[in-house]
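What follows is each chain in one-letter form.
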Amino acid sequence: MNLVCEEPGRGAAVLIRAIAPEIGLAAMRARRGVLDDRLLAAGPGRLCAALGVDAALDGASAVGPGSRVAVHARTAPVEVAAGPRIGISKAVERPWRFCLAGSPYLSRPLPRA
């Protein structure tokens, strides 16, 4: 799932590959047909299936009226880890993949430093 952060065509988007499912677990489990919360939304295909994201949402706003995005604000600092993106051949040395350090919800763990 991509969230575009600027006008289309400017190349400013965030690719969301996984989430830690905390809200709407029953709906996600029903959509995916799995009970293991770690596998509900670990990877882009699983994420979209769990959240009910399909082509009908292409171009839809992630904020404002009718949005299906819920923001869960953290109350304490978190440790963010960075590593190489998955499945790219250009700029592989750039740490463009960010996640919660030690997260069990990733489809592939970050390489060890």
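Residues numbered from 1 in each chain as written. Predicted model: local features only at pLDDT ≥ 70, side-chain atom pairs only at ≥ 80, totals over all residues. Heavy atoms only, no water.

Participant: So what's going on with the overall build of the protein chain? Residues and values would help.
Facilitator: For the protein chain, the helix and strand inventory stands at three helices and four strands. Reading the helices (α) and strands (β) of the protein chain from amino to carboxyl end gives β-β-α-α-α-β-β. Considering only C-alpha atoms, the protein chain reaches an extent of 35 × 35 × 30 Å along its principal axes. By the burial criterion, 16% of the 113 residues in the protein chain qualify as buried. Of all intrachain contacts in the protein chain linking residues separated by at least 6 positions in sequence, the fraction that spans at least 24 positions is 33%. Entry remark: accessible area of the protein chain is about 8300 Å², with carbon and sulfur atoms responsible for 56%. With 15 positive and 9 negative side-chain charges, the protein chain shows a spacing of 6 Å between the two charge centroids. (Helix = DSSP H or I, 4+ residues; strand = E, 2+ residues; numbered from the N terminus. Buried < 20%, exposed > 50% of the residue type's maximum accessible area, 1.4 Å probe, protein only. Contact = heavy atoms within 4.5 Å. Areas by Shrake-Rupley, 256 points an atom, 1.4 Å probe, with all protein chains shown as cover. Lys, Arg positive; Asp, Glu negative; His and termini not counted. Charge placed at Lys NZ, Arg CZ, Asp CG, Glu CD.)

Participant: Got a sec to walk through unusual backbone geometry? Specific residues and values, please.
Facilitator: It is generally the case that most residues other than glycine have a negative phi and that most peptide bonds are trans. Although it is not a glycine, Ala 91 adopts a positive phi angle of roughly 55°. With respect to the secondary-structure elements, Ala 91 resides in the loop between strand 3 (80-83) and strand 4 (97-100).

Participant: Kindly report on the nonpolar core, identifying the contributing residues and their values.
Facilitator: Judged by nonpolar contacts, Met 28, Leu 40, Ala 41, Leu 47 and Ala 50 together constitute the single largest core of five residues. Beyond its immediate sequence surroundings of up to four residues, Ala 50 is in contact with Met 28, Arg 31, Arg 32, Leu 40 and Ala 41. (Core = buried A, V, L, I, M, F, W, Y, C linked by side-chain atoms within 4.5 Å.)

Participant: Outline the environment of Ile 88, listing residues and values.
Facilitator: With respect to the helices and strands, the residue Ile 88 is situated in the loop between strand 3 and strand 4. According to the relative accessible area criterion, Ile 88 is partly exposed, its value standing at 26%. Note: C-alpha distance between Ile 88 and Ser 107 (19 residues apart in sequence) is 16 Å.

Participant: Tell me about the packing of helix 1 (residues 25-32) against helix 3 (residues 44-51), and please be specific about residues and values.
Facilitator: Contact geometry of helix 1 with helix 3 gives a least axis separation of 7 Å together with a crossing angle of 115°. Judged by the sense of rotation from one axis to the other, the crossing of helix 1 with helix 3 is right-handed. Two secondary-structure elements touch here, helix 1 through Met 28, Arg 31 and Arg 32 and helix 3 through Arg 46, Ala 49, Ala 50 and Leu 51. Taken together, the residues that form the contact of helix 1 with helix 3 break down as four nonpolar, no polar and three charged. (Axes fitted to C-alpha atoms, helices over the stretch in contact; angles between N-to-C directions. Left-handed = near helix turned anticlockwise from the far one by under 90°. Nonpolar A, V, L, I, M, F, W, Y, C, P; charged D, E, K, R; others polar.)

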